[in-house]
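Structural description and commentary
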Amino acid sequence: MAEDDPDIREISLLLMRRAGHRVISAEDGAQGWRAVLFHDPDLVISDVDMPEMDGLELCAKIRGNPATELTPIIFISGVLMPDDDRVITAGATALLHKPFTAAEMLSCVNASLAAGAKAGRDTK
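What counts and how
- Residues numbered from 1 in each chain as written.
- Predicted model: local features only at pLDDT ≥ 70, side-chain atom pairs only at ≥ 80, totals over all residues.
- Heavy atoms only, no water.
- 1 Å grid on protein atoms, 1.4 Å probe; cavity = no way out; pocket = protein on both sides within 12 Å on 5 of 7 lines; lining within 4 Å.
- Points joined across faces, edges and corners; volume = space filled by probe spheres on them.
- Helix = DSSP H or I, 4+ residues; strand = E, 2+ residues; numbered from the N terminus.
- Nonpolar A, V, L, I, M, F, W, Y, C, P; charged D, E, K, R; others polar.
- Buried < 20%, exposed > 50% of the residue type's maximum accessible area, 1.4 Å probe, protein only.
- Pairing = 2+ DSSP bridges.
- Right-handed = clockwise from strand over helix to strand, strands pointing away.
- Salt bridge = Lys/Arg side-chain N within 4 Å of Asp/Glu carboxyl O.
- Polar contact = N/O pair within 3.5 Å; in protein donor to acceptor, adjacent residues only side chain to side chain.
- Axes fitted to C-alpha atoms, helices over the stretch in contact; angles between N-to-C directions.

1. Some thoughts on the layout of surface pockets
- Its boundaries defined by the atoms lining it, the largest pocket holds a volume of some 520 Å³.
- Taken together, 23 residues make up the lining of the largest pocket; nearest its centre are Arg22, Val23, Pro41, Asp42 and Leu43.
- Going through the elements one at a time, helix H2 (29-39), strand E1 (44-47) and helix H5 (102-118) are the ones with two or more residues in the lining of the largest pocket.
- Take the lining of the largest pocket: its biggest share by element is 4 residues, from H2.
- The class makeup of the residues in the lining of the largest pocket is 15 nonpolar, 4 polar and 4 charged.

Below, the structure is given as structure tokens:
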């Protein structure tokens, strides 16, 4: 998970861990990209507006790498809407709009993991 807001990052990490997911966190897109390369995650959750590298750039790097191109990506944003051309062009699997509930996040994560498996992404 790449999120520069420490409160959102910590709450999301706690939620994901309580749901049984192993989670790696990053404070910006550049750290997120390094984590993707090192850990080969089943799913990436990324804020859109971050320092160093924003979520759109992170998504482009993930989609541009043959080893990670099928990785499902959930954008979280308080500004972008699901029909925003930038979300569609970037290739995000889903958009979770801030503020979101725990149930919304878990539902989005489960749907995105299922979509990744259906698309041929090996899940661990």
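Now that the structure has been shown, the text picks up again.
2. Here we look at the pairing of E1
- Side chains of E1 alternate between two faces, with Val44 and Ser46 and Ile45 and Asp47 buried alike.
- Across 4 bridges, E1 lies against strand E2 (residues 73-77) in parallel orientation. What sits directly across from Val44, in E2, is Ile73.
- The parallel pair E1 and E2, bridged by helix H3 (residues 55-64), forms a crossover whose chirality is right-handed.

3. Examining the pattern of salt bridges
- Applying the stated rule across the entire model yields 3 salt bridges.
- Residue Lys98 pairs with Asp47 through a salt bridge whose shortest N-O separation is 3.3 Å. In this pair, Lys98 is assigned in the loop between strand E3 (94-97) and H5 and Asp47 in strand E1, connecting sequence segments 51 residues apart.
- The class for Lys98 is buried, based on a relative accessible area of 19%.
- Its salt-bridge partner being Asp84, residue Arg86 comes within 2.9 Å of it at the nearest N-O pair.
- The class of Arg86 is partly exposed, set by a relative accessible area of 45%.

4. Here's the deal with the side chain of Thr71
- Tracing the backbone shows Thr71 in the loop between H3 and E2.
- Residue classification places Thr71 among the buried residues on the basis of a relative accessible area of 0%.
- Among the polar contacts made by the side chain of Thr71, one reaches the main-chain carbonyl oxygen of Thr68 at a distance of 2.9 Å.

5. Some remarks on the sheet that holds E2
- The sheet built from 3 strands is open, its strands ordered E1-E2-E3 with parallel pairing. Each of the sheet's edge strands pairs with one partner strand only, and the pair in question is E1 and E3. Across the sheet, the mean angle separating the axes of adjacent strands is 25° when strand polarity is ignored.
- Looking at chain direction, E2 and E3 are connected through 4 bridges and run parallel. When the sheet's bridge partners are listed, Ile76 is paired in E3 with Leu96.

6. A closer look at the environment of Ala111
- Checked against the element boundaries, Ala111 lands in helix H5.
- We classify Ala111 as partly exposed; its relative accessible area is 45%.

Shape is all these values report; function is a separate question.
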